[in-house]
Amino acid sequence: MKRRTLLATAAIGLGLGLAGAAQAQDKTKACFVYVGPIGDGGWTYQHDQGRLAVIEAFGDKVETAYQESVPEGADAERVLTQMALSGCDIIFTTSFGYMDPTNNVAAKFPNVKFEHATGYKREHPNVATYNARFYEGRAVMGTIAGRMTKSNKIGYIGSFPIPEVVQGINSSFIHARKVNPDVTISVVWAYTWFDPAKEADAAKALIEQGVDVILAHTDSTAPLAEAAKSGGKVIGFGQASDMAEYKPSPRVSSIIDNWAPYYVKRVQAVIDGTWESQDAWEGIGGGEVGIGEITDAVPAEVKAEAEAMRDAIGSGAYHPFTGPLNKQDGSAWLAAGEVADDGTLAGMNFFVEGITGDIPQ
Amino acid sequence: MLRLERRPTPSRFWQYGTPVVAVVLTMIAGGLLFALLGKDPFAVIRTIFWDPLFGEFAWYLRGQLLVKAGPLILIAIGLALGFRAGIWNIGAEGQYVMGAVIGASVGLAAYPTESRLIYPAMVLAGAFGGWIWAMIPAILKTRFNTNEILVSLMLVYVAETILAKAATGFLRNPEGAGFPGSRSFSSYKAASNPELIAGSGLHWGGVAALVTAGLVYVLLQRHILGFQIKLAGQAPRAARFHGVNPTRLVVFCMGISGALAGLAGLFEVSGPAGQISIDFNSGYGFTAIIVAFLGRLNPLGIVLAGLLMALTYVGGEMAATNIGLPSAAIQVFQGMLLFFLLGVDVLSNYRIRFLLFVKEAR
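What you see is a predicted model, and the numbers here were worked out from it, not measured in a lab.

Conventions and cut-offs
Residues numbered from 1 in each chain as written. Chains lettered and ligands numbered in written order. Predicted model: local features only at pLDDT ≥ 70, side-chain atom pairs only at ≥ 80, totals over all residues. Helix = DSSP H or I, 4+ residues; strand = E, 2+ residues; numbered from the N terminus. Buried ≥ 20, exposed ≤ 12 C-beta atoms within 10 Å, placed from the backbone. Contact = placed C-beta atoms within 7 Å. Nonpolar A, V, L, I, M, F, W, Y, C, P; charged D, E, K, R; others polar. Pairing = 2+ DSSP bridges. Axes fitted to C-alpha atoms, helices over the stretch in contact; angles between N-to-C directions. Domains from an automatic or database assignment.

**Describing the overall build of chain B**
Within chain B, the secondary structure is distributed over 15 helices and 2 strands. Taken over the C-alpha atoms alone, chain B extends approximately 80 × 55 × 35 Å along its principal axes. Across the 362 residues of chain B, 50% fall into the buried class. Expressed as a percentage of contacts within chain B between residues at least 6 apart in sequence, the contacts between residues at least 24 apart total 79%.

Structural data, given as structure tokens:
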């Protein structure tokens, strides 16, 4: 009896599988490759929220598939090929390291659309890139950090020394120093996107150096967990996701990546047959970068100042990289009132004046 | 009550039987796990073990099995030599990374010269990179009696730091707009390791793995050194009386395993991976430890074990995308394989007796 039930279950499973394959013809299939687990509470979690938004927006018209924790390299190429073979119409690859695999696989599947996050290579007409102007959010966090630090030391956990991360460090520092000329920044490179143990070690090292505000450009909540152990002395920010479980302190605000509108828009374009290769780079104004609630741990006037910064950037009235700004070595970069162009930002590989330490190279 | 009774000599039957039993137990326990996660266990097991070999996309995935198994086999064979002699090189991951970095450096230094000599030079450099990285724990062990397990493991993290330095610094693509990562080897013919037969997945690394398996098999069966390795592992005192020089053995075993890991790294970076990137290594050096034991430390067994392990990776990815299994569940599934193997291994050295029965026998 029992065995029969099992066999029947297996048969139903097989039947469903075949039916699914047949139906897949008229559904649009959107697939996602994640660099970490959905449970990271940060970067990958937010991308998966975007996937769920796609399901919500299109219901039965779409089918989604995803794979977590895909290593950046040869494995990614295989995963992408499998996805393309299994009928994905559009594939979102959500980490910088998937750049070459994405382009390599795109060459073999001209009918499948590929969307690569945070990269710059679009070697084929079926590859688009997208990113968010995280540095806009960093300007707001930097303002809060500069006002809130008592030791005048802020710390930054960098993942990899790539332009996107360097932009964030520069933007944080510029705006912290704007409100607090005595502030210094220490940068620790974790060389990982997601490794709670390493991230916690980095946070610990910074706290031991006397840092009392931690910014992170890694994906987990570990830096906040470490700050929470300080008994209220150290604060930090939610990164990529709101990380609301650490409210009201140590998490005093957050940068929230909101990929949902973009994903819905691009899947819609595939359904309509209007999809084209492009390079999308939206920020606070476009809704891709959100600023999470600023908690009561922050004095009202600082909160107001940060919100004013947010609104000025959102409306386009203020650009976080506005001169006069010098490079780290003292050479002039932007003249007074001059605004950085996107090309320089996209390849940013230098610190601004006042930051100590080198970008590893 | 159960009682374990030591066998006078290890059971030959169980020595070869345990991997099979372990795989079956893993399927059962894994199936339970998948069922608890709300997935149809039969569909998952079929996706992992059957689909990559005989499913719809087998024509592509079979080749990918070779791509994935090649480095595992190459590294595991080297490790097995040491493990047999009681020399525990746990740091193959670091040797793999160093082989890739040094081998790639040689290739990139020659850019853009096209010469037939470049690739062989890279292969030598790759083997040298792994070898020299393994020599550090070997020399420290023979000179200062340090623990090779700790030293080789710690050197993995040093190697990863050097890799990061290479990707962001001295090997960075000068035309890459400041982004980390070296030039692509696939667009530099003389230094690339392409598929030898299109669609087969076979590249020089796979060839090297198979050839090495054969050579090491002969070494262990026919060569005095093979005999000494086995003897040192089974009866260290007897080995000493037999004139086995432990220092030489440590240097030899660590050197071979390091060189093979370095080779695997070089073939990978110039082939499937295609470039030096910050996190180029994805754990082959550690997974190879499982493969070595699953293959009974026997070169031919390791070839099969490497293919099986590759199957769980490739099939696991299929299960993740098609059935929505979390990646952690696949990792648990792979971990179970080693767990059950070690657990069931007890049977080759012990037999299980029911206590009641033993009493009667007395």
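**Let's talk about the interface of chain A and chain B**
Taken residue by residue, the interface counts 33 residues in chain A and 34 residues in chain B. When contributions to the side of chain A that touches chain B are tallied by element, the ones reaching two or more residues are helix 1 (2-23), strand 2 (62-67) and helix 3 (74-85) of chain A. Examining the composition of the side of chain A that touches chain B, we find that 8 residues originate from one element, helix 3 of chain A, more than from any other. When grouped by side-chain class, the residues that make up the side of chain A that touches chain B number 15 nonpolar, 13 polar and 5 charged.

**A few points about the environment of Ala167(B)**
Secondary-structure assignment places Ala167(B) in helix 7 (residues 148-170). Contact partners of Ala167(B), with chain neighbours within four places excluded, come to Arg172(B), Pro180(B), Gly181(B), Ser182(B), Ile276(B), Ser277(B) and Ile278(B).

**Points about the sheet that holds strand 1 (residues 28-33) of chain A**
Residue and element names in this part refer to chain A. Pairing within the open sheet is parallel, and its 6 strands lie in the order 2-1-3-4-5-11. Strand pairing shows two members of the sheet lacking a second neighbour, strand 2 and strand 11 (279-282), which therefore form its edges. Between one strand and the next, the sheet's axes are offset by a mean angle of 15°, whatever the strand orientation. By the bridge criterion, 4 bridges tie strand 5 (residues 127-132) to strand 11 in an arrangement that is parallel. The residue of strand 11 that forms the bridge with Asn-131 is Trp-281.

**Digging into the domain arrangement of chain A**
Residues and elements named next belong to chain A. Domain assignment breaks chain A into domain 1 (27-133 + 259-282) and domain 2 (134-257 + 287-346). Between the C-alpha centres of domain 1 and domain 2 the distance comes to 28 Å. At the interface, 21 residues of domain 1 touch 20 residues of domain 2. Sorting the residues of the side of domain 1 that touches domain 2 by element identifies helix 2 (43-58), strand 5, helix 9 (260-272) and strand 11 as the ones contributing at least two each. Among the elements that take part in the side of domain 1 that touches domain 2, helix 2 stands out by supplying 4 residues, more than any other. Classifying every residue of the side of domain 1 that touches domain 2 by side-chain character gives 10 nonpolar, 8 polar and 3 charged.

**Overview of unusual backbone geometry**
Here the amide bond leading from Lys247(A) into Pro248(A) is cis, since omega sits at -10°, within 30 degrees of zero. Considering the arrangement of structural elements, one finds Pro248(A) in the loop between strand 9 (235-240) and strand 10 (251-257). For the bond running from Gly323(A) to Pro324(A), omega is 5°, close enough to zero to count as cis. Even without being a glycine, Asn145(B) presents a positive backbone phi close to 60°. Within the element layout of this structure, Asn145(B) appears in the loop between helix 6 (118-144) and helix 7. Accessibility expressed as a C-beta count within 10 Å gives 8 for Asn145(B), which makes it exposed. Located in the positive-phi region is Arg296(B), a residue other than glycine, with phi close to 60°. Among the structural elements, Arg296(B) can be located in the loop between helix 12 (284-294) and helix 13 (299-323).

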